[in-house]
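Residues per chain, in single letters:
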Amino acid sequence: MTQHRFALPKIISGGQSGADQGALFAAREMGFETGGWAPRGFFTENGYQPALLESFGLKDSQLDYIGRTKLNAKEADLTIWFGKTGTPGFNATNKAVREAGKKFLLASEHCDRCLVTEIKTCGIVNIAGNRESINPSIFQYTKDRMTRVLRMVKEKTMTKCMFPGCEKEATINVTTPDGKTHSYCSIDHMNDHRNILVHELMKK
Ligand SMILES: [Zn+2]
């Protein structure tokens, strides 16, 4: 019997106020792993925020904004931009992603379903965008939209427990003697389902 956790993509960002932090809050709320590289000292518009950003798994890049933007662009399979384009932050991100040879999408040009499809194929997704002072309410917009999108990613990625009527996420895979894979939320549901199947076989 093998035990296996179905992997969701990791969501990273640079930790700035605004879009970056909105994405981190949404990802944590939806049960996704979070992380990313922050500027030296975990610097944000609201001052140094090591406690907040470390709670999301961010690390201190020891670099300035552009340096940490490059690291995040390089680490991710895909970067999604939230907010206005043409800002210095946008230009730096656009350049970093292109130099890293990775995929770059504008959230404003894609529907939720398109973003779900793209995110699902990735191991690591970098969310970047405007800081709150440039685009007030971008934190809330990014948080709300990413919550919706990540909820759909989760629904499409997760395998449900095979025990009849159970809606929980399966975390245990069992290979049956005939080579099929059965997935269950718990050892109890695995054993209960096996008993039902054995019982049905005996009736035949
Ligand atoms: Zn179950």
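Please read these numbers as outputs of a predicted model, since none were measured by experiment.

Colleague: Which residues make up the domain arrangement of the chain, and what are the values?
Modeller: What the domain assignment lists for the chain is domain 1 (8-157) and domain 2 (159-204). Each of domain 1 and domain 2 was reduced to a C-alpha centroid, and the two centroids are 38 Å apart.

Colleague: So what about the packing of helix H3 (residues 65-75) against helix H4 (residues 88-100)? Which residues, and what values?
Modeller: The relative placement of two packed helices is expressed as an angle between their axes plus a distance between the axes. Running from N to C, H3 and H4 cross one another at 45°; their axes reach a closest spacing of 8 Å. Here H3 is positioned oblique relative to H4, judged by the angle of their axes. Between H3 and H4 the crossing geometry is right-handed. Contacts between H3 and H4 pair Ile66, Thr69, Lys70, Ala73 and Lys74 from the former with Ala92, Thr93, Ala96, Val97 and Ala100 from the latter. For the contact of H3 with H4, the residue count by class is 6 nonpolar, 2 polar and 2 charged.

Colleague: Tell me what's going on with the environment of Gly129, and back it up with residues and numbers.
Modeller: Structurally, the position occupied by Gly129 is in strand S9 (residues 124-129). Gly129 sits in the buried class, given 32 other C-beta atoms within 10 Å. As for Gly129 and Gly22, which are separated by 107 residues in sequence, their C-alpha atoms are 9.8 Å apart. Ignoring sequence-local partners within four residues, the contact set of Gly129 consists of Gly18, Ala19, Asp20, Trp81, Phe82, Gly83, Ile138 and Thr142.

Colleague: Which residues make up helix H1 (residues 19-29), and what are the values?
Modeller: Summarising burial for H1: 8 of the 11 residues are buried, a large majority. Contacts from the buried residues of H1 go to strand S2 (10-12), strand S3 (34-38), strand S7 (78-82), S9 and helix H6 (138-157). Immediately beyond the C-terminal end of H1, within one or two residues, lies Gly31, with a positive phi of roughly 85°.

Colleague: Tell me about the sheet that holds S7, and name the residues and values.
Modeller: The strand order S6-S3-S2-S9-S7-S8 describes an open sheet built from 6 strands, whose pairing is parallel. At either margin of the open sheet sits one strand with a lone partner, and together these are strand S6 (58-60) and strand S8 (103-106). The average undirected angle you get between the axes of adjacent strands in this sheet is 25°. In terms of strand pairing, S7 meets S8 through 4 bridges, oriented parallel. The residue bridging Leu78 from the neighbouring strand is Lys103, located in S8. Packed on one face of the sheet, H1 meets S2, S3, S7 and S9 and runs near 140° to S9.

About the thresholds
Residues numbered from 1 in each chain as written. Predicted model: local features only at pLDDT ≥ 70, side-chain atom pairs only at ≥ 80, totals over all residues. Domains from an automatic or database assignment. Axes fitted to C-alpha atoms, helices over the stretch in contact; angles between N-to-C directions. Helix = DSSP H or I, 4+ residues; strand = E, 2+ residues; numbered from the N terminus. Parallel < 35°, antiparallel > 145°, perpendicular 65-115°, else oblique. Left-handed = near helix turned anticlockwise from the far one by under 90°. Contact = placed C-beta atoms within 7 Å. Nonpolar A, V, L, I, M, F, W, Y, C, P; charged D, E, K, R; others polar. Buried ≥ 20, exposed ≤ 12 C-beta atoms within 10 Å, placed from the backbone. Pairing = 2+ DSSP bridges.

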